[in-house]
Protein chains: 2
Amino acid sequence: MTTKIADRAAQIQPFYVMQLLKRAQALEALGRNIIHLEIGEPDFTTPAPILAAASDFLKLGEVKYTQAAGLPELRAKIAAFYAQRYQVRLSPEQIFITPGASGALLLALSATVNAEDRILMADPCYPCNRHFLQILGADAKLIPVDAGTRYQLTAELVDQHWDANVKGVLLASPANPTGTVIPSAELQNIIAAVSKRAGFYFSDEIYHGLVYGTEASSALQFSDSAFVINSFSKYFGMTGWRIGWLVVPEAFVTVTERLMQNLFIASSTPAQYAALAAFEPETLIELEGRRAELQQRRDLLLQGLLALGFDIPCQPDGAFYIYANCQKFTQDSFQFAVDLLEAEGVAITPGKDFGRHAANQYVRFAYTTTQARISEALDRIHNFIARGC
Amino acid sequence: MTTKIADRAAQIQPFYVMQLLKRAQALEALGRNIIHLEIGEPDFTTPAPILAAASDFLKLGEVKYTQAAGLPELRAKIAAFYAQRYQVRLSPEQIFITPGASGALLLALSATVNAEDRILMADPCYPCNRHFLQILGADAKLIPVDAGTRYQLTAELVDQHWDANVKGVLLASPANPTGTVIPSAELQNIIAAVSKRAGFYFSDEIYHGLVYGTEASSALQFSDSAFVINSFSKYFGMTGWRIGWLVVPEAFVTVTERLMQNLFIASSTPAQYAALAAFEPETLIELEGRRAELQQRRDLLLQGLLALGFDIPCQPDGAFYIYANCQKFTQDSFQFAVDLLEAEGVAITPGKDFGRHAANQYVRFAYTTTQARISEALDRIHNFIARGC
């Protein structure tokens, strides 16, 4: 038989960080002590009330398919959460429980984007967003951004780069890898620019809740026609469960349900029952404690990196990432990451995992480990730099 | 903003059975007693050792992402299962743990099929298979089949219908909705026909293990270049967990891993830990007991339907479905299903959910409920027919 892989699959780049992760694990197997600042997954366990909800559900043994769109109780709880947190009224019908934000994104794009369409995104951004479009025969139009716009698109950039093939805009706030939040007024302007063009607005809000000293607005506060991708992975501490959600405009409820049935049948039932406890007061108290800890880590790492000479012109407001310009030390941030790992056992993510624009000048640090480990990592990076990298 | 749905999404038909299910639930809410023979999910709970494995795992609280391809221990167990059950040697590297067979199918097709490609399938077949291709801008070429080929394609049909756009064949054995198994010699011939054309062979083996008085061969017994889709949902009783697997040829390991990272990050971790207990001797004893029960149900329902005058020319060997010709009673099997539900409270699935070929002459019965309920359903169907439907 043939061994020819599909064109789209050939286009999809590997994550370069996987090479580093593999090498880090090999070094660990040799007994080296590695500090992981490359991993986009916090070191917290799933909150106890969520684990308890899952365990209680499993005692019944009835792990059947849910409705394709998800458990009605969970959809209702998410709708109530939007009312309380954002003062946004949603019908639970608009909310689909998905296998992670990945599933939400595939669902939203499958419902809206035709082959050959282009969606505007910031460069740098989360690379999978672009790859989902390629799966569908569409593509991203990546717009280079820098500190001048806090690494985000603006309404002006949307206007400037819109063309006949562009059908919408996808932005994350807070963003991966930069941690920056789109200010409310700008978000409103961007949505207005997209509306004017009769486009789609896809709002990646998976890091909502993880903001430090500022607020992140939901696109739904400014439009009932936006698609919102969210997840229980990040703020709610449920990475491994693979559960997220998608909010769709009323006009897309029927088609999204049909796509959900076909693409996934439904999301994992134990994860859905577990997530029922995500909005409990006891869980939220725990999560706010974690948010405070992440803020301290952010402050520690940010001050430390600035002191070492990394250029971080805009404060990362959220998520758990710092995107740092390292051109003072290197012209090749991937090699910098490789050498830092080999020399000092600190693993970070090279900029080229997030796009093309100035990618060789940047690395991403994730503060997903303890303050003690972050301090030690800063010492090791200091040594690395002091020796001339 | 726009409310225009994507072309591909508009092409995807709803499941007609959903209308029946919704009506059945409405009738139940009014106090009617409904017998569900429409649902492709057995009434068994998840086996106790699998539940125990999940509960033990949750006690640790560490529900993190696994490697994209899945837990190495689980991949090794599946490889060992192939060696033991099929005498097929696989490297665990070839096995990807997916969010259900749905995830496996999306992964396999994304890695292989280009836009405009056509994949041969039997009509009738499981409708989502065609829809996954449409998501990718490709499509199925549906080949009408009947009892003469046990509702399956043959090497001869593959030869006859292959054209320049056809890039492969996707078959299920046992099949949904017909329950028929492809005999080993024919499967070998089909694979040879595909090989001769340098095509892809996708083998849907999700009902393996659920065969009664015969054996189902794996495509891997005849080719190391086949893609095999399997699942813990059916034989292993794990529907709601959403966990399956995909076996890919060696040449596709790298690209499949890249696609898995991008499309799903990984499969649900609790489901993966749960599935570690799926191959335990204690679990397999329980599952074999269930298989024996399903065989009794098959026999009961088959004999009953034949006695009532349904035409079922080939014995359904596996899965938990009987695809019955009802043209003795109706020229419109969907209306027949609607009327049977309203009159007697028996829910079944209309043929048109599975294709176009003679679909109005067929209905599917699922024996996913107890023998007592099946007997009662047969009595009700008898009354329905006796009154002239």
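Residues numbered from 1 in each chain as written. Chains lettered and ligands numbered in written order. Predicted model: local features only at pLDDT ≥ 70, side-chain atom pairs only at ≥ 80, totals over all residues.

*Asks:* What's the story with the confidence of the model for chain A in this structure? I'm lost.
*Replies:* Low pLDDT means the predicted coordinates in that region are not meant to be read closely. Looking at chain A as a whole, the pLDDT averages 96, with 100% of positions reaching at least 70. Across the whole predicted complex the pTM is 0.97, and at the interface the ipTM reaches 0.96. (pLDDT = per-residue confidence, 0-100.)

*Asks:* Would you mind showing me how to read the interface of chain A and chain B here?
*Replies:* Often, the extent of an interface is quoted as the loss of accessible area on bringing the components together. Tallying the contact residues gives 68 residues for chain A and 67 residues for chain B. Listed by contribution, the elements that provide at least two residues to the side of chain A that touches chain B are α1 (7-11), α3 (48-60), α5 (100-112), α6 (127-135), α8 (184-196), β6 (200-204), α9 (253-264) and α10 (269-275) of chain A. Its residues assigned to classes, the side of chain A that touches chain B comprises 36 nonpolar, 25 polar and 7 charged. (Contact = placed C-beta atoms within 7 Å. Helix = DSSP H or I, 4+ residues; strand = E, 2+ residues; numbered from the N terminus. Nonpolar A, V, L, I, M, F, W, Y, C, P; charged D, E, K, R; others polar.)

*Asks:* Got a minute to help me understand the domain arrangement of chain A in this structure?
*Replies:* All names here are of chain A. With domains assigned, chain A is organised as domain 1 (7-45 + 283-386) and domain 2 (48-280). A separation of 25 Å is found between the C-alpha centroids of domain 1 and domain 2. Residue-level contacts link 32 residues of domain 1 with 37 residues of domain 2. Among the elements that take part in the side of domain 1 that touches domain 2, helix α11 (residues 281-308) stands out by supplying 8 residues, more than any other. Looking at the side of domain 1 that touches domain 2 residue by residue, the class counts come to 15 nonpolar, 8 polar and 9 charged. (Domains from an automatic or database assignment.)

*Asks:* Would you explain the relation of the copies chain A and chain B in this entry?
*Replies:* The operation relating the pair of chain copies consists of a rotation about an axis and a translation along that axis. Least-squares fitting of chain A to chain B yields an RMSD of 0.0 Å, with the superposition described by an axial translation of 0.0 Å and a rotation of 180°. The superposition of one copy onto the other is thereby described by a two-fold rotation axis. Within chain A, A:L136 has its C-alpha nearest the rotation axis, a separation of 2.7 Å. A symmetric contact is evident, with 99% of the interface residues of chain A recurring at the interface of chain B. (Least-squares fit on C-alpha atoms with pLDDT ≥ 70 in both.)

*Asks:* Would you mind going over the packing of helix α2 (residues 16-29) of chain B against helix α12 (residues 333-344) of chain B with me for this structure?
*Replies:* Helix-helix packing is characterised by the crossing angle of the two axes and by the distance between the axes. Residues and elements named next belong to chain B. It is the contact of α2 with α12, at a shortest axis distance of 11 Å, that shows an interaxial angle of 10°. Overall, the two elements α2 and α12 adopt an arrangement that is roughly parallel. Residues Y16, L20, R23 and A24 of α2 form the contact with α12, whose own contacting residues are F334, A337, V338 and L341. Taken together, the residues of the contact of α2 with α12 break down into 7 nonpolar, no polar and 1 charged. (Axes fitted to C-alpha atoms, helices over the stretch in contact; angles between N-to-C directions. Parallel < 35°, antiparallel > 145°, perpendicular 65-115°, else oblique.)

*Asks:* Is there a simple way to think about α2(B) in this case?
*Replies:* Each α-helix turn comprises 3.6 residues. Residues three or four places apart therefore point the same way. Residues and elements named next belong to chain B. For α2, built from 14 residues, the straight-helix expectation of 20 Å at 1.5 Å per residue is met to within 8% by its first-to-last C-alpha distance of 21 Å. Buried within α2 we find V17, L20 and A24. Buried residues along α2 cover an arc of 55° about the axis, so they all sit on one side. Opposite the packed face of α2, turned more than 90 degrees from it, sit the exposed residues K22, A26 and A29. As for α2, its buried residues are in contact with β1 (35-36), α12, β10 (346-347) and β11 (349-350). Just beyond α2, the residue with positive phi is G31, at close to 100°. (Expected span 1.5 Å × (residues − 1). Buried ≥ 20, exposed ≤ 12 C-beta atoms within 10 Å, placed from the backbone. Arc of directions from axis to C-beta.)

*Asks:* Could you clarify how one ought to interpret the environment of A:E205 in this entry?
*Replies:* All names here are of chain A. Inspection of the secondary structure puts E205 in the loop between β6 and β7 (227-231). For E205, a count of 25 C-beta atoms within 10 Å puts it in the buried group. Setting aside residues no more than four positions away along its own chain, E205 makes contact with S173, S218, V228, I229 and N230.

*Asks:* Explanation requested: the sheet that holds strand β3 (residues 118-123) of chain A in the structure shown.
*Replies:* Strands pair in a sheet through their backbones, by hydrogen bonds, and they do so in one of two ways: parallel or antiparallel. Residues and elements named next belong to chain A. Taken in spatial order, the 7 strands line up as β2-β8-β7-β6-β5-β3-β4 in an open sheet, and their pairing is mixed. Only two strands of the sheet have a single partner each, and these edge strands are β2 (95-98) and β4 (139-144). Within this sheet the neighbouring strands show an average axis-to-axis angle of 25°, counted without direction. Pairing analysis gives 6 bridges linking β3 to β4, with the strands arranged parallel. Bridge pairing in β4 places I119 opposite A140. (Pairing = 2+ DSSP bridges.)

*Asks:* Even after reading the chapter, I still don't get the pairing of β6(A), so can you show me in this structure?
*Replies:* For a regular strand, the rule is simple: side chains alternate between the two faces of the sheet. Residue and element names in this part refer to chain A. Buried residues dominate β6, accounting for 5 of its 5 residues. Burial along β6 is two-sided: the face carrying F200, F202 and D204 and the face carrying Y201 and S203 are both buried. Pairing analysis gives 5 bridges linking strand β5 (residues 166-172) to β6, with the strands arranged parallel. Looking across to β6, one finds that G168 is bridged to F200. On the question of chirality, the crossover connecting β5 to the parallel β6 by way of α8 is right-handed. In the sheet, β6 pairs with β7 via 3 bridges, with the strands oriented parallel. When the bridges of β7 are listed, F202 appears paired with F227. (Right-handed = clockwise from strand over helix to strand, strands pointing away.)

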